[in-house]
Amino acid sequence: MSQLADACSLPDVLVAEPDVLLRRAVKQVAGEIGIARVHETPDIHGAVREMELRPFSALVIALDHEGDAFDLLTLLRCGQYPSGASTPAAVLLRTGQEGAAVRLASLGVRETLDGPHSVRRVLDLIGRLV
């Protein structure tokens, strides 16, 4: 019964990442080691749906080529989701996206993580956010 109570007290973290293996491994390990209850989605559109349903303690999202991640972060900072406008956010960058750091900083992104992304690096990132 204490494991259930412990799981309920974990912070809810949204991870939006197209790599299904990375996403699922992060979710599983985060729960096993007790740092967060991870909700995962493959893209920003799924993240928007999740953000509309419940508040999150932190966000880890992959920067997409279309710029939808910028829109999600802008709406978050404007208070359009159940999560607080100051919810900690981190962005996973791919090769060639490093130039987005200034714009991300203006949106209150706490950290960016350059690729390649590993389960350990993303878990460390989540640990720093929560």
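As a convention, each chain's residues are numbered from 1 in the sequence order in which they are written. Reporting in this predicted model follows two pLDDT cut-offs: at least 70 for local features of residues, and 80 or more for side-chain atom pairs to be given and counted; totals over whole chains, interfaces and linings ignore these cut-offs and use all residues. With hydrogens and water stripped out, all remaining heavy atoms of the structure feed into the side-chain values.

Asks: Would you take a moment to explain the overall build of the chain for this structure?
Replies: Helix and strand assignments follow DSSP, with helices taken as H or I runs no shorter than four residues and strands as E runs no shorter than two, numbered in order from the N terminus. Check the secondary structure of the chain and you find 6 helices and 5 strands. Starting at the N terminus, the α and β elements of the chain follow one another as α-β-α-β-α-β-α-β-α-β-α. With C-alpha atoms as the basis for the radius of gyration, the globule rule is written as 2.2 Å multiplied by the number of residues raised to the power 0.38. A globule of 130 residues ought to have a C-alpha radius of gyration of about 14 Å, and the chain, at 14 Å, matches this closely. Dimensions along the principal axes, computed over C-alpha positions, put the chain at roughly 45 × 30 × 20 Å. Relative accessibility thresholds used throughout: buried, under 20% of the residue-type maximum; exposed, over 50%; partly exposed, between the two (1.4 Å probe, protein chains only). Out of the 130 residues belonging to the chain, those deemed buried represent 42%. Whether two residues are in contact is decided by their heavy atoms, any of which lying within 4.5 Å being enough. Long-range contacts, defined as pairs at least 24 residues apart, comprise 65% of the intrachain contacts of the chain with a sequence gap of at least 6. Areas reported as accessible are Shrake-Rupley estimates using a 1.4 Å probe. Residue values count occlusion only from the protein chains shown. By element, 54% of the accessible surface of the chain is carried by carbon and sulfur atoms, the whole surface being about 6800 Å².

Asks: What should I look at first to understand the nonpolar core in this one?
Replies: Taken as a class, soluble globular proteins show a tendency for nonpolar side chains to be buried jointly. We call a set of buried residues a nonpolar core when its members are Ala, Val, Leu, Ile, Met, Phe, Trp, Tyr or Cys and they connect through side-chain atoms within 4.5 Å of each other. Core analysis: the largest hydrophobic core is formed by 22 residues, its most contacted members being Met-51, Leu-59, Ile-61, Leu-72, Leu-73, Val-91 and Leu-104. The set of elements that each furnish at least two residues to this core consists of β1 (12–16), α3 (44–53), β3 (58–62), α4 (68–77) and β4 (89–93). For this core, the element with the most residues is α4, which contributes 5 residues. Ile-61 has contacts with Ala-16, Ile-44, Ala-69, Leu-72, Leu-73, Ala-90, Val-91 and Leu-92, leaving out every residue within four places of it along the chain.

Asks: Looking at this structure, I do not really get helix α6 (residues 119–129). What am I missing?
Replies: Where α6 is concerned, the buried positions are Val-122, Leu-123, Leu-125, Ile-126 and Leu-129. Along the long axis of α6, the arc covered by the buried residues comes to 155°, so they all point the same way. Lining the buried residues of α6 we find β1, α2 (20–33), β2 (37–41), β3, β4 and β5 (111–114). The directions from the helix axis to the C-beta atoms are what the arc is built from.

Asks: Where do I start with the pattern of salt bridges in this structure?
Replies: Pairing between side chains of opposite charge can happen when their charged atoms approach one another. One side-chain nitrogen of Lys or Arg within 4 Å of one carboxyl oxygen of Asp or Glu is enough to make a salt bridge. According to the stated counting rule, one finds 6 salt bridges in the structure shown. For Arg-23, the salt bridge goes to Glu-40, with nearest N and O atoms at 2.5 Å. Of this pair, Arg-23 sits in helix α2 while Glu-40 sits in strand β2; the two residues are 17 residues apart in sequence, bridging distant segments of the chain. Assigned by exposure class, Arg-23 and Glu-40 land together as buried. Here Glu-40 ties to Arg-24 by a salt bridge, and the two come within 2.9 Å at their closest N and O atoms. Separated by 16 residues along the polypeptide, Glu-40 in strand β2 and Arg-24 in helix α2 bring together distant segments of the chain. One salt-bridge network, held together by shared partners, links Arg-23, Arg-24 and Glu-40.

Asks: It is not clear to me how the pairing of β3 should be interpreted in this structure. Could you clarify?
Replies: The side chains of a regular strand alternate, first on one face of the sheet and then on the other. Most of β3 is tucked away, with 5 of its 5 residues classed as buried. The alternating pattern of β3 places Ala-58, Val-60 and Ala-62 on one face and Leu-59 and Ile-61 on the opposite face, and all of these are buried. Two strands pair when backbone bridges link them, and β1 and β3 are joined in this way by 4 bridges, in the parallel orientation. Residue Ala-16 lies in a different strand from β3, and its bridge partner there is Ile-61. Any two strands are treated as partners once DSSP identifies two or more bridges connecting them. In terms of strand pairing, β3 meets β4 through 4 bridges, oriented parallel.

Asks: Got a minute to help me understand the sheet that holds β5 in this structure?
Replies: Either a parallel or an antiparallel arrangement is found when strands of a sheet pair, and the pairing is made through backbone hydrogen bonds. Overall, parallel pairing links the 5 strands, which are arranged β2-β1-β3-β4-β5 in an open sheet. Because the sheet does not close on itself, it has two edges, and the strands there are β2 and β5. Strand-to-strand twist in this sheet, taken as the mean axis angle between neighbours without regard to direction, amounts to 15°. Between N-to-C directions, angles span 0 to 180 degrees; the directions come from axes that are lines fitted to C-alpha atoms, helices contributing only their stretch in contact. Across the sheet, α2 is in contact with β1 and β2; its angle to β2 comes to roughly 165°. Contacting β3 and β4, α4 crosses the sheet at an angle of about 160° to β3.

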